[in-house]
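# Residue-level structural notes
Chain by chain, the residues:
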Amino acid sequence: MTHTNAPTDLQWQAVQSRSAAHDGQFYYGVRSTGIFCRPSCPSRRPKRENVAIFPSLEDAAAAGFRACRRCTPAHISAAQQAVAHAQHLLDTAEPTPSLVGLAAAVGLSPFHLQRVFKAATGVSLKQYAIAQRAARTKAHLQAGASVTAALYDGGHASPRTLYDPATDQLGMSPGQYRAGGEGQTITFAVTQSVLGPLLVAATQRGLVAVRFGEVSTLEAELRTEYPKATLKQDEAALAPYVDALATHLVGARPELALPLEPAGTAFQQRVWAALKTIPYGQTRSYAQVAQIIGQPQAVRAVAQACAANPVGLVVPCHRVLRSSGALGGYRWGTDRKRALLDREAAGPVA
Ligand SMILES: [Zn+2]
């Protein structure tokens, strides 16, 4: 074993935080036990100096490691399947299933389901259910139902629940966000994507920027936005993110389950969380997103929050159109927006 298998800071952070979002992106072997795991393995955390990183199961096995019996790294897609199943039930079941019912239906413990769901979608089960119920309520209202009937038909136990605040949000809370990135270290890479130059930037906790632009100005824009942060260019450290985004852009990875830490106001965070619930290949109007966050009057503010989205693709602001069906704007140009929507409409690539 050579030191080239040593974890990057991002990989080590994923192991320490047992990040399900990194499952499938790499595997780690523990030299002291000879066993390899996926990042989310619940077993005791290894010492960093004992950890060897492998890009695939085959590489780990070829290096002499045995698969862990707790996290069964070969069965990685089980959690991803459970998340998809839970999303489908929340989209369709009447009334909205309870957490215990949902967990039983997908074959996970409630705790485990909550953890993998949040990791895969960026929102909690509760936030997702609230967004789905709000969308259904709007559909009922458009069909002419009374407000109270619509609230009950939308799966609400009582009208009050529509206004339950969604407590947890994407990434860090605005209170934790330090203006200008003071004290933060941000790692970034500039890469060529099928839609032109792409800057990808992350802290150890998650992505802060995914944006298109010109090679000559992308880095300067990041510095302007985070004047007090320490910026480090490191293509290797960001390779897991860059690879996931590149795969997504050619249609082979519809779900982008990547950790996020976008800086923004509480309102912007709520809009971005709502955008994450729009499935691949679907669109919503700005007015529908305003409904989802429970502020139907805030259509213009929603459009502004979409335009300010710092994490393109992962927070899919390109899936929001005008109510008329017109394309609307896009922070990185309407040509790119149309290309993204056309790609999604064609369906995922096997
Ligand atoms: Zn394990």
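Residues numbered from 1 in each chain as written. Predicted model: local features only at pLDDT ≥ 70, side-chain atom pairs only at ≥ 80, totals over all residues. Heavy atoms only, no water.

The name given to the protein chain in an unreviewed UniProt entry is Methylated-DNA--protein-cysteine methyltransferase, and the organism recorded there is Deinococcus arcticus. In its Subcellular location (unreviewed entry) section, UniProt records this for the protein chain: "Cytoplasm". Among the UniProt annotations of the protein chain, the heading Function (unreviewed entry) holds the following wording: "Involved in the cellular defense against the biological effects of O6-methylguanine (O6-MeG) and O4-methylthymine (O4-MeT) in DNA. Repairs the methylated nucleobase in DNA by stoichiometrically transferring the methyl group to a cysteine residue in the enzyme. This is a suicide reaction: the enzyme is irreversibly inactivated." (UniProt positions renumbered as here; feature names shortened; annotations may be inferred.)

## Considerations on the sheet that holds strand E2 (residues 35-37)
With respect to topology, 4 strands assemble into an open sheet ordered E3-E1-E2-E4, the strand pairing being mixed. With partners counted over all chains shown, the strands left at the sheet margins are strand E3 (51-54) and strand E4 (66-67), one partner each. Pairing between E2 and E4: 2 bridges, direction parallel. The residue bridging Phe 36 from the neighbouring strand is Ala 67, located in E4. (Pairing = 2+ DSSP bridges. Helix = DSSP H or I, 4+ residues; strand = E, 2+ residues; numbered from the N terminus.)

## Quick look at the packing of aromatic side chains
Enumeration over the complete set of coordinates arrives at 4 aromatic pairs. On the basis of an interplanar angle of 70° and a centroid distance of 6.3 Å, the ring pair of Phe 212 and Trp 332 is categorised as edge-to-face. Of the two residues, Phe 212 sits in strand E7 (residues 207-212) while Trp 332 sits in the loop between strand E10 (320-321) and helix H13 (334-345), which places them 120 residues apart along the sequence. In this structure, Phe 212 and Trp 332 share a single accessibility class: buried. (Phe/Tyr/Trp six-rings, centres within 6.5 Å; stacked < 30°, edge-to-face > 60°. Buried < 20%, exposed > 50% of the residue type's maximum accessible area, 1.4 Å probe, protein only.)

## Some words on the coordination of the zinc ion
Within the protein, the zinc ion binds to Cys 37 (SG), Cys 41 (SG), Cys 68 (SG) and Cys 71 (SG); these donor distances fall in the range 2.2 to 2.4 Å. Around the zinc ion, the 4 donor atoms are arranged such that angles at the metal cover 105 to 121°; this shape is classified as tetrahedral. The motif formed by the donor residues of the zinc ion, counted along the single chain, is C-x3-C-x26-C-x2-C. Across the pair, exposure class does not vary: Cys 37 and Cys 41 are buried alike. (Donors = N, O, S within 2.8 Å, 3.2 Å for Na, K, Ca; no water. Tetrahedral: all angles 85-135°; square planar, octahedral: opposite > 155°, others 65-115°.)

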